[in-house]
Amino acid sequence: MKKKKITYFRHPEALVETTQIGDGTRIWAFAHLMKGARVGRDCNIGDHAFIESGAVVGNNVTVKNGVVIWDKVIIEDGVFLGPNMVFTNDLFPRSGARDNPLVATLVKKGASIGANATIVCGVTIGEGALVGAGAVVTRDVAPYALVYGNPAKVHGHLCACAGRLKFATGKARCACGKRYIKKDGVVRAFTI
(Lines give C-alpha, C1' and ligand atoms only; values in the text may rest on other atoms or scores of the structure.)
Protein backbone atom coordinates (compact mmCIF):
# COMPACT_ATOMS: atom_id res chain seq x y z
CA MET A 1 0.00 0.00 0.00
CA LYS A 2 1.39 3.39 -1.04
CA LYS A 3 1.63 5.95 1.75
CA LYS A 4 -0.20 9.25 1.09
CA LYS A 5 2.15 12.19 0.56
CA ILE A 6 1.75 14.88 3.25
CA THR A 7 0.79 18.15 1.57
CA TYR A 8 0.37 20.29 4.68
CA PHE A 9 2.75 21.74 7.29
CA ARG A 10 2.92 20.03 10.66
CA HIS A 11 5.07 21.47 13.44
CA PRO A 12 7.21 18.70 15.01
CA GLU A 13 5.50 19.32 18.37
CA ALA A 14 1.94 18.91 16.99
CA LEU A 15 -0.01 15.69 17.59
CA VAL A 16 -1.83 14.80 14.37
CA GLU A 17 -3.82 11.54 14.43
CA THR A 18 -6.17 12.25 11.53
CA THR A 19 -5.32 11.72 7.86
CA GLN A 20 -8.11 14.02 6.67
CA ILE A 21 -6.22 17.29 6.25
CA GLY A 22 -6.32 19.44 3.12
CA ASP A 23 -3.41 20.76 1.09
CA GLY A 24 -1.65 23.86 2.34
CA THR A 25 -2.97 23.67 5.91
CA ARG A 26 -0.55 24.69 8.67
CA ILE A 27 -0.65 23.02 12.10
CA TRP A 28 1.43 24.66 14.82
CA ALA A 29 3.08 23.47 18.05
CA PHE A 30 1.08 21.58 20.65
CA ALA A 31 -2.06 21.43 18.51
CA HIS A 32 -3.87 18.09 18.71
CA LEU A 33 -6.03 16.78 15.86
CA MET A 34 -7.73 13.51 16.80
CA LYS A 35 -8.35 10.59 14.46
CA GLY A 36 -11.59 11.20 12.57
CA ALA A 37 -11.36 15.00 12.66
CA ARG A 38 -11.64 16.61 9.20
CA VAL A 39 -9.74 19.78 8.31
CA GLY A 40 -9.92 21.43 4.89
CA ARG A 41 -7.26 23.06 2.76
CA ASP A 42 -5.33 26.27 3.49
CA CYS A 43 -6.31 26.38 7.17
CA ASN A 44 -4.14 27.76 9.97
CA ILE A 45 -4.39 25.78 13.23
CA GLY A 46 -2.73 27.68 16.10
CA ASP A 47 -0.73 26.49 19.09
CA HIS A 48 -2.63 24.46 21.69
CA ALA A 49 -5.73 24.09 19.49
CA PHE A 50 -7.66 20.83 19.86
CA ILE A 51 -9.91 19.32 17.20
CA GLU A 52 -11.88 16.29 18.37
CA SER A 53 -13.00 13.26 16.38
CA GLY A 54 -16.20 14.09 14.52
CA ALA A 55 -15.43 17.82 14.21
CA VAL A 56 -15.39 19.29 10.69
CA VAL A 57 -13.35 22.34 9.67
CA GLY A 58 -13.82 23.75 6.15
CA ASN A 59 -11.31 25.43 3.83
CA ASN A 60 -9.42 28.67 4.58
CA VAL A 61 -10.33 28.60 8.28
CA THR A 62 -8.20 30.36 10.92
CA VAL A 63 -8.19 28.63 14.29
CA LYS A 64 -6.22 30.81 16.71
CA ASN A 65 -4.31 29.56 19.77
CA GLY A 66 -6.19 27.68 22.47
CA VAL A 67 -9.39 26.99 20.50
CA VAL A 68 -11.15 23.67 21.12
CA ILE A 69 -13.48 22.26 18.44
CA TRP A 70 -15.52 19.37 19.84
CA ASP A 71 -17.35 16.51 18.14
CA LYS A 72 -20.56 17.73 16.40
CA VAL A 73 -19.11 21.19 15.67
CA ILE A 74 -19.07 22.07 11.97
CA ILE A 75 -17.08 25.04 10.72
CA GLU A 76 -17.73 26.13 7.12
CA ASP A 77 -15.23 27.83 4.77
CA GLY A 78 -13.53 31.15 5.52
CA VAL A 79 -14.34 31.26 9.25
CA PHE A 80 -12.15 33.03 11.83
CA LEU A 81 -12.02 31.59 15.39
CA GLY A 82 -10.34 34.00 17.82
CA PRO A 83 -7.90 33.03 20.58
CA ASN A 84 -9.35 30.92 23.39
CA MET A 85 -12.94 31.08 22.15
CA VAL A 86 -14.99 28.12 23.39
CA PHE A 87 -17.49 25.72 21.83
CA THR A 88 -19.62 23.33 23.88
CA ASN A 89 -21.39 20.15 22.74
CA ASP A 90 -23.33 18.98 25.82
CA LEU A 91 -26.28 20.96 27.21
CA PHE A 92 -26.31 19.10 30.54
CA PRO A 93 -22.70 18.10 31.32
CA ARG A 94 -22.04 15.78 34.24
CA SER A 95 -18.86 13.94 35.04
CA GLY A 96 -19.25 10.28 34.08
CA ALA A 97 -22.61 10.80 32.36
CA ARG A 98 -22.72 8.71 29.19
CA ASP A 99 -26.33 9.09 28.11
CA ASN A 100 -26.44 12.83 27.36
CA PRO A 101 -26.69 13.26 23.60
CA LEU A 102 -24.14 15.61 22.05
CA VAL A 103 -25.68 18.63 20.33
CA ALA A 104 -24.46 19.96 16.97
CA THR A 105 -23.27 23.53 16.35
CA LEU A 106 -22.81 25.13 12.92
CA VAL A 107 -20.66 28.13 12.02
CA LYS A 108 -21.54 29.30 8.50
CA LYS A 109 -19.26 30.60 5.76
CA GLY A 110 -17.27 33.74 6.48
CA ALA A 111 -18.36 34.16 10.11
CA SER A 112 -15.92 35.42 12.76
CA ILE A 113 -15.88 34.67 16.48
CA GLY A 114 -13.84 36.94 18.76
CA ALA A 115 -11.39 36.02 21.50
CA ASN A 116 -12.81 34.34 24.62
CA ALA A 117 -16.36 34.11 23.25
CA THR A 118 -18.45 31.12 24.37
CA ILE A 119 -20.76 29.36 21.92
CA VAL A 120 -23.38 27.21 23.66
CA CYS A 121 -24.13 24.11 21.60
CA GLY A 122 -27.14 23.80 19.34
CA VAL A 123 -26.81 27.21 17.70
CA THR A 124 -26.03 28.32 14.17
CA ILE A 125 -23.78 31.32 13.59
CA GLY A 126 -24.98 32.79 10.29
CA GLU A 127 -22.95 33.55 7.20
CA GLY A 128 -20.72 36.60 7.62
CA ALA A 129 -21.81 37.15 11.24
CA LEU A 130 -19.40 38.61 13.78
CA VAL A 131 -19.44 37.50 17.43
CA GLY A 132 -17.60 40.03 19.62
CA ALA A 133 -14.85 39.16 22.05
CA GLY A 134 -16.12 37.69 25.32
CA ALA A 135 -19.70 37.23 24.08
CA VAL A 136 -21.84 34.34 25.32
CA VAL A 137 -23.97 33.04 22.43
CA THR A 138 -27.05 31.14 23.61
CA ARG A 139 -29.19 31.31 20.44
CA ASP A 140 -28.79 31.46 16.67
CA VAL A 141 -27.00 34.46 15.17
CA ALA A 142 -28.50 35.77 11.92
CA PRO A 143 -26.36 36.25 8.79
CA TYR A 144 -24.16 39.39 8.85
CA ALA A 145 -25.29 40.26 12.40
CA LEU A 146 -22.87 41.87 14.85
CA VAL A 147 -23.49 40.40 18.31
CA TYR A 148 -21.79 40.91 21.65
CA GLY A 149 -22.53 40.84 25.36
CA ASN A 150 -23.77 38.23 27.83
CA PRO A 151 -26.08 36.96 26.55
CA ALA A 152 -25.07 38.09 23.07
CA LYS A 153 -27.50 40.51 21.40
CA VAL A 154 -27.59 42.09 17.94
CA HIS A 155 -25.94 45.52 17.79
CA GLY A 156 -26.03 46.04 14.03
CA HIS A 157 -25.04 44.35 10.80
CA LEU A 158 -21.76 44.12 8.90
CA CYS A 159 -20.69 43.57 5.32
CA ALA A 160 -18.49 40.58 4.48
CA CYS A 161 -15.61 43.13 4.42
CA ALA A 162 -16.55 44.12 8.04
CA GLY A 163 -17.92 47.54 7.05
CA ARG A 164 -21.00 48.71 9.01
CA LEU A 165 -24.28 48.42 7.10
CA LYS A 166 -26.88 51.19 7.33
CA PHE A 167 -30.25 50.16 5.96
CA ALA A 168 -32.60 52.56 4.22
CA THR A 169 -35.89 51.09 2.95
CA GLY A 170 -34.61 47.56 3.54
CA LYS A 171 -31.45 47.96 1.42
CA ALA A 172 -27.83 48.79 2.20
CA ARG A 173 -24.72 49.29 0.12
CA CYS A 174 -21.29 49.01 1.74
CA ALA A 175 -18.43 51.34 0.81
CA CYS A 176 -16.77 48.28 -0.79
CA GLY A 177 -19.68 48.05 -3.25
CA LYS A 178 -21.44 44.95 -1.91
CA ARG A 179 -25.21 45.22 -1.55
CA TYR A 180 -27.54 43.75 1.07
CA ILE A 181 -31.27 43.36 1.61
CA LYS A 182 -32.93 43.23 5.05
CA LYS A 183 -36.31 41.52 5.21
CA ASP A 184 -38.07 40.43 8.40
CA GLY A 185 -34.89 41.25 10.33
CA VAL A 186 -32.72 38.91 8.23
CA VAL A 187 -29.88 40.31 6.10
CA ARG A 188 -28.89 38.67 2.83
CA ALA A 189 -26.25 39.56 0.27
CA PHE A 190 -27.78 40.89 -2.93
CA THR A 191 -26.32 39.80 -6.24
CA ILE A 192 -27.36 41.06 -9.64
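Residues numbered from 1 in each chain as written. Predicted model: local features only at pLDDT ≥ 70, side-chain atom pairs only at ≥ 80, totals over all residues. Heavy atoms only, no water.

Peer 1: Outline the pairing of strand β24 (residues 186-190), listing residues and values.
Peer 2: Bridge analysis of strand β23 (residues 179-183) against β24 gives five bridges, and the strand direction is antiparallel. Note that in β24 the partner of Tyr-180 across the bridge is Ala-189. Taking the residues that link successive antiparallel strands as the turn, the β23-β24 hairpin has two residues, and the phi of Asp-184 there is positive, at about 55°. (Pairing = 2+ DSSP bridges. Helix = DSSP H or I, 4+ residues; strand = E, 2+ residues; numbered from the N terminus.)

Peer 1: So what about the nonpolar core? Which residues, and what values?
Peer 2: Ile-45, Ile-69, Ile-75, Leu-81, Phe-87, Ile-113 and Ile-125 are the most contacted members of the largest nonpolar core, which totals 40 residues. What Ile-45 contacts, discounting residues up to four positions off in sequence, is Thr-25, Arg-26, Ile-27, Trp-28, Ala-31, Leu-33, Val-39, Ile-51 and Val-63. Tyr-144, Cys-159, Cys-174 and Val-187 belong to the second-largest nonpolar core, a separate cluster that totals seven residues. (Core = buried A, V, L, I, M, F, W, Y, C linked by side-chain atoms within 4.5 Å. Buried < 20%, exposed > 50% of the residue type's maximum accessible area, 1.4 Å probe, protein only. Contact = heavy atoms within 4.5 Å.)

Peer 1: A description of the side chain of Thr-25 should follow, citing residues and the corresponding values.
Peer 2: Note on placement: Thr-25 falls in the loop between β2 (15-16) and β3 (26-27). Side-chain polar atoms of Thr-25 contact the backbone oxygen of Gly-40, separated by 2.6 Å. Residues in contact with Thr-25, not counting those within four places in the same chain, are Tyr-8, Phe-9, Val-39, Gly-40, Arg-41, Asp-42, Cys-43 and Ile-45. (Polar contact = N/O pair within 3.5 Å; in protein donor to acceptor, adjacent residues only side chain to side chain.)

Peer 1: Mind laying out the sheet that holds strand β22 (residues 171-173), listing which residues take part and the relevant values?
Peer 2: Reading across from one edge, β22-β23-β24 is the order of the three strands in this open sheet, with antiparallel pairing throughout. Strand pairing shows two members of the sheet lacking a second neighbour, β22 and β24, which therefore form its edges. The sheet shows a mean angle of 25° between the axes of neighbouring strands, taken without regard to direction. (Axes fitted to C-alpha atoms, helices over the stretch in contact; angles between N-to-C directions.)

Peer 1: Pulling in residues and values, what's your account of the packing of aromatic side chains?
Peer 2: A complete count under the given rule lists three aromatic pairs for this structure. When the centroid spacing of 4.9 Å and the interplanar angle of 50° are considered together, the rings of Phe-9 and Trp-28 count as tilted. Residue Phe-9 is located in strand β1 (residues 9-10), and its partner Trp-28 is located in the loop between β3 and β4 (32-33); the two are separated by 19 residues in the primary sequence. By relative accessible area, which is 32% here, Trp-28 ends up partly exposed. Between Tyr-144 and Tyr-180 the ring centres are 5.0 Å apart and the planes differ by 70°, which places this aromatic pair in the edge-to-face class. Taken as a pair, Tyr-144 in the loop between β19 (136-137) and β20 (145-148) and Tyr-180 in strand β23 lie far apart in primary sequence, 36 residues in all. Judged by relative accessible area, which is 6%, Tyr-144 ranks as buried. Here Tyr-180 falls in the buried class, since its relative accessible area comes to 2%. (Phe/Tyr/Trp six-rings, centres within 6.5 Å; stacked < 30°, edge-to-face > 60°.)

Peer 1: Can you lay out the pairing of β20 for me, pointing to particular residues and giving the numbers?
Peer 2: As judged from the two bridges shared by strand β18 (residues 130-131) and β20, these two strands associate in the parallel manner. Within β20, the position partnered with Leu-130 by the bridge is Leu-146. Summarising the sheet, β20 and strand β21 (residues 153-157) pair through three bridges and their orientation is antiparallel. Paired with Ala-145 across the strands is His-157, a residue of β21. Linkage of β20 to β21, two consecutive antiparallel strands, is achieved through a turn of four residues, within which Gly-149 is found at a positive phi near 105°.

Peer 1: A description of the pattern of salt bridges should follow, citing residues and the corresponding values.
Peer 2: According to the stated counting rule, one finds one salt bridge in the structure shown. The salt bridge partner of Lys-108 is Glu-76, with a shortest N-O separation of 3.9 Å. Taken as a pair, Lys-108 in the loop between β14 (105-107) and β15 (112-113) and Glu-76 in the loop between β11 (73-75) and β12 (80-81) lie far apart in primary sequence, 32 residues in all. (Salt bridge = Lys/Arg side-chain N within 4 Å of Asp/Glu carboxyl O.)

Any functional reading would require information that these geometric values do not contain.
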